[in-house]
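Now for the letters of each chain:
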Amino acid sequence: MGRLLLAEWTKLASVPRWVAAMMAAVVLTVLVGLLGAASSTSDANRYWDFAVGPDGRSVRDDFHLAHRPLAGDGSVTARVASQAGLVGELQDWARAGVILKEGLEPGSRYAAMMVTPGHGVRFQANFADEVAGGGTGARWLRLTRAGSVIDGYESVDGTAWRRVGTVDLAGLPSTVQIGLFVASPDAVQVTRQFGSVGIGGHPTAATATFDNVRVEPAGSPPGASWTDRDVGRPALEGDATERAGGFTVSGSGDLAVVPPEEDVVRLSLTGVLVGLMAVVGLGVLSITSEYKRGMIRTTFAASPRRGRVLAAKALVLGGATFVAGLVACLAAFLLAQPTLRANGYGPPAFPRASLTDGPVLRAVIGSAAVLALVAVLGLAAGAILRRSAGAITAVILLLVLPQLVAAALPVSAGRWLQRLTPSAGFAIQQTVERGLCLPEDGCFPEGPWLGFGVLCAYVAVALAVAFWLLRRRDA
Amino acid sequence: MRQALAAEWTKLRTVSSAAWLVAAVVGCTVLLGSAMTASVDTSQCPSPASCQEDTVRLVLAGVWVGQVAVVVLAVLAVTNEYDTGMIQTTLAATPRRGTVLLAKAAVVTATVLASGTTAVIGSLAAGRAILPGNGFTEANGYPPLSVTDEPTLRAAGGTVLYLGLVALLGLGLGTAVRDTAGALLGVLTLLYVAPVVAALVGDPAWQARLQKVAPMTAGLAIQATRGLERLPIGPWAGLGVLAAWAGTAMLLGAVVLQVRDA
């Protein structure tokens, strides 16, 4: 196998045109990435008016709160008896529940137990760490504080309690705010107009009735009483009224991380789409040119085990492309970031992307891997079809066309196209989870790994078919 | 010239791949157009009348794939001769190289225009059959597709012309590059990658600029029948941009053919 690898490497490296093609792939990837960065501008920072969460991310921390202070350890218990839409329909992500918050300023730390109509009971802390509890419907919710540790409990009947989540808010002051909150996010409508997707949204408000509200210890601090206010800037003003042993709270807004409008990492890796063309050509030609010149017979005479020849070719080609791709993607990312920041893609609206972040590293290395996989896909297609024209056309159609067609189709059809074609592999470049994931923005709904897996599966199947045909057919 | 035309026609006609590619132009265009049309219906819009769906463009969207077969046909018409060495025979028989290129262009373009016309008629017929079932009815403001309607005729005829120009682009680049893989990659990059990159660029002004100069997005502006004011470039101006690309490629091909040894 070592000699085979050496032979394939010699064939690859000794053809000046192929070396040139590989260099072209690198240069194109970097150049197009830079051009894309230079021609993109954002004024998001000018209109940026979100709160900053505990970990530095932009957050929405807008809701209506009926609250009172709590000194030291203790607990708050309430039953969410009902939840209803007040302005607009009741949203799946309308939240109603109990909260323990460091202070009343938006962005401060908190832990909350809540009911949502569409997603059941949730425990949430600091805009992340969302843990799902039981189902929907009327629920008893409880938060307990012991030192800096907050536990969230749920119960169906108020006697048997189950812990849903826990969080350690180190350095929590001794007096915190506890209360009942209601939030209701904007209703988003995705409709089709003028042959493309249109997004419409309007604010909503929801109301919830709480009963069996109990704070323990009740007199800590002495003289504590309930008041209510809007926290943050909800789109619609909220309200709270107290009844015997309970509250009716209505409010608007959301408690969530606001994803940046643009994925700056992916933007700097746009060039991969162009570098890819050269890589496809390289992959296909590395085998079809052997067929054209009859070299393949020499190759097979020298090593009659054809499967090994294919494996050696795939390894050498994939390895070389991966290394070249990694250089290209690293350079594109590092060179494009300063330009992007200068063009308005800077903090706070766009958190600084650094190679030490997991998702960024995944996008950069993943892009190089996509290039390598595409080269091997080209090799397999070339081995199957034995013709450059057919193989190149097929691979490019499968990789690039779905992205174009997906943007023109209705959202659901477009998403299927993004899932099922090899172009799904580009999902690995995604570092931002968007609230609204649309094919026309090049957003892949399933997250980075599934799409990458789809591309891998295509490559594996193509290689298997190529292997089977190589052994069956005369060279 | 007549002899050169006859020779080129014989060469094209007798290669089995040409027949397949012509079939692919028609088949892919009609199939993808029908599939895309079938996936869109008025229930995805706020109301059927406010949908503003450009049904003509939707029905003709199959050329996104159909054009690939055109590119392969046009590129192979010349690069295959370089691959096999046939070009030397061709040039020995017709030493005036300009004539050879003109004859090739005429034969390939005529073939593409004929298959493009079939593809467009087939797509329109499929669209007429599918659209009413998806809510695009006369009552909702979508009269049945008909070529007697001036914008529809312009879109349909323009799509055929678009395919002809794409063929010339492929032929020109093929003649200049003389290599199947290189020419194919060049044309497909020009056609497909430009619009995908344009969609990812964050600035709308730059998006519009890219869409104005990219041969595919500019050329396909000819298919628009509604909301012309929303296009980055007018229908005929867009086709003109593609014509400029095709003309430049042909000129480049002609110069290389004249200057370089075959």
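Just so we're clear, the structure is a prediction, and the values are computed from it rather than from any experiment.

Asks: With reference to specific residues and values, describe the overall build of chain A.
Replies: For chain A, the count of helices and strands is 10 helices and 19 strands. The dimensions of chain A, computed from C-alpha atoms along their principal axes, are 95 × 45 × 45 Å. Across the 475 residues of chain A, 49% fall into the buried class. The long-range fraction of contacts in chain A, counting pairs at least 24 apart against all pairs at least 6 apart in sequence, stands at 75%.

Asks: Residue-level account of the overall build of chain B, with values.
Replies: The number of helices and strands found in chain B is 11 helices and zero strands. Counting from the amino terminus, chain B carries its helices and strands in the arrangement α-α-α-α-α-α-α-α-α-α-α. Taken over C-alpha atoms, the radius of gyration comes to 20 Å for chain B, in line with the 18 Å a tight globule of 262 residues would show. With 262 residues in all, chain B has 55% of them scored as buried. Long-range contacts, defined as pairs at least 24 residues apart, comprise 77% of the intrachain contacts of chain B with a sequence gap of at least 6.

Asks: Tell me about the sheet that holds strand E11 (residues 162–168) of chain A, and name the residues and values.
Replies: Residue and element names in this part refer to chain A. A sheet is described by the order of its strands in space; here seven strands give the open sequence E11-E10-E9-E4-E15-E18-E17, paired in antiparallel fashion. Every other strand in the sheet has two partners, leaving E11 and strand E17 (239–243) as the edge strands with one partner each. Ignoring strand direction, the axes of neighbouring strands in this sheet form an average angle of 25 degrees. Here strand E15 (residues 205–216) runs beside strand E18 (residues 246–251); their pairing, made up of five bridges, is antiparallel. Bridge pairing in E18 links Thr207 to Ser250.

Asks: Go over the domain arrangement of chain A, please, and point to the residues and values.
Replies: In many analyses, interface size is given as the accessible surface area lost on bringing the parts together. Residues and elements named next belong to chain A. Looking at chain A, the domain boundaries give domain 1 (2–44 + 261–472) and domain 2 (51–257). The straight-line distance from the C-alpha centre of domain 1 to that of domain 2 is 44 Å. With nine residues of domain 1 in contact, the opposing surface of domain 2 contributes 11 residues.

Asks: Account for the sheet that holds strand E8 (residues 128–132) of chain A, with residues named and values stated.
Replies: Residue and element names in this part refer to chain A. Reading across the sheet, the seven strands line up as E8-E7-E6-E5-E12-E3-E16 and stay open at both edges, with antiparallel pairing between neighbours. Two strands lie at the open edges of the sheet, namely E8 and strand E16 (227–231), each paired on one side alone. Sheet twist, expressed as the mean angle between neighbouring strand axes with direction ignored, is 25 degrees. Summarising the sheet, strand E3 (residues 63–71) and strand E12 (residues 175–183) pair through eight bridges and their orientation is antiparallel. Note on E12: the bridge partner recorded for Leu70 is Val176.

Asks: Explain helix H11 (residues 235–259) of chain B to me, and be specific about the residues and the numbers.
Replies: Spanning 25 residues, H11 of chain B covers 36 Å between terminal C-alpha atoms, matching the ideal 36 Å at 1.5 Å per step. The secondary structure elements touched by the buried residues of H11 of chain B are helix H6 (97–130), helix H7 (150–177) and helix H10 (215–219) of chain B.

Asks: Break down the pairing of E11 of chain A for me, with residues and values.
Replies: All names here are of chain A. Strand direction decides the pairing type here: strand E10 (residues 149–155) and E11, joined by six bridges, are antiparallel. By the bridge assignment, Gly152 is partnered in E11 with Gly165. Connecting E10 to the next strand, E11, in antiparallel fashion are six residues, including Gly158 with a positive phi near 85 degrees.

Asks: Can you lay out the interface of chain A and chain B for me, pointing to particular residues and giving the numbers?
Replies: Taken residue by residue, the interface counts 37 residues in chain A and 38 residues in chain B. Residue assignment for the side of chain A that touches chain B shows that the elements contributing at least two residues are helix H2 (16–38), strand E13 (187–193), helix H4 (272–293) and helix H8 (388–408) of chain A. Ranked by residues supplied to the side of chain A that touches chain B, first place goes to H8 of chain A with 13 residues. In the side of chain A that touches chain B, the residues fall into 21 nonpolar, 14 polar and two charged.

Asks: Can you lay out the packing of H2 of chain A against H4 of chain A for me, pointing to particular residues and giving the numbers?
Replies: Residue and element names in this part refer to chain A. Packing of H2 against H4 leaves a shortest axis separation of 7 Å and a crossing angle of 170 degrees. Relative to H4, the element H2 lies roughly antiparallel. Here H2 contributes Trp18, Ala21, Met22, Ala24, Ala25, Val26, Leu28, Thr29 and Val32 to the contact with H4, which in turn contributes Val272, Val274, Gly275, Ala278, Val279, Gly281 and Leu282. For the contact of H2 with H4, the class distribution of residues is 13 nonpolar, three polar and no charged.

Criteria and thresholds
Along each chain, residues carry numbers from 1 onward, in the same order as the chain's sequence is written. To read the labels, note that chains go from A and ligands from 1, taken in the order they are written. Owing to the predicted nature of the model, reporting of local features is limited to residues with pLDDT of at least 70; listing and counting of side-chain atom pairs is limited to 80 or more, with chain, interface and lining totals taken over all residues. By the criteria applied, helices consist of DSSP H or I runs no shorter than four residues and strands consist of E runs no shorter than two, each listed in order from the N terminus. Here a residue counts as buried when 20 or more other C-beta atoms sit within 10 Å of its C-beta, as exposed when there are 12 or fewer, and as partly exposed otherwise, the C-beta atoms being derived from the backbone. Contact criterion: two residues are in contact if their C-beta atoms, reconstructed from the backbone, are within 7 Å. The globule rule used here is 2.2 Å times the number of residues to the 0.38 power, and the radius of gyration it is set against is calculated over C-alpha atoms. A pair of strands is labelled paired if DSSP reports no fewer than 2 bridges between them. Inter-axis angles, ranging from 0 to 180 degrees, are taken between N-to-C directions of lines fitted to C-alpha atoms, where helices are fitted over the stretch in contact. Either an automatic procedure or a domain database provided the assignment from which the domain bounds are taken. Here, expected helix span is obtained from the residue count minus one, scaled by 1.5 Å. Residue classes follow a fixed rule: Ala, Val, Leu, Ile, Met, Phe, Trp, Tyr, Cys and Pro count as nonpolar, while Asp, Glu, Lys and Arg count as charged, and any other residue, Gly among them, counts as polar. Here roughly perpendicular refers to angles of 65 to 115 degrees, roughly parallel to angles under 35, roughly antiparallel to angles over 145, and oblique to all remaining angles.

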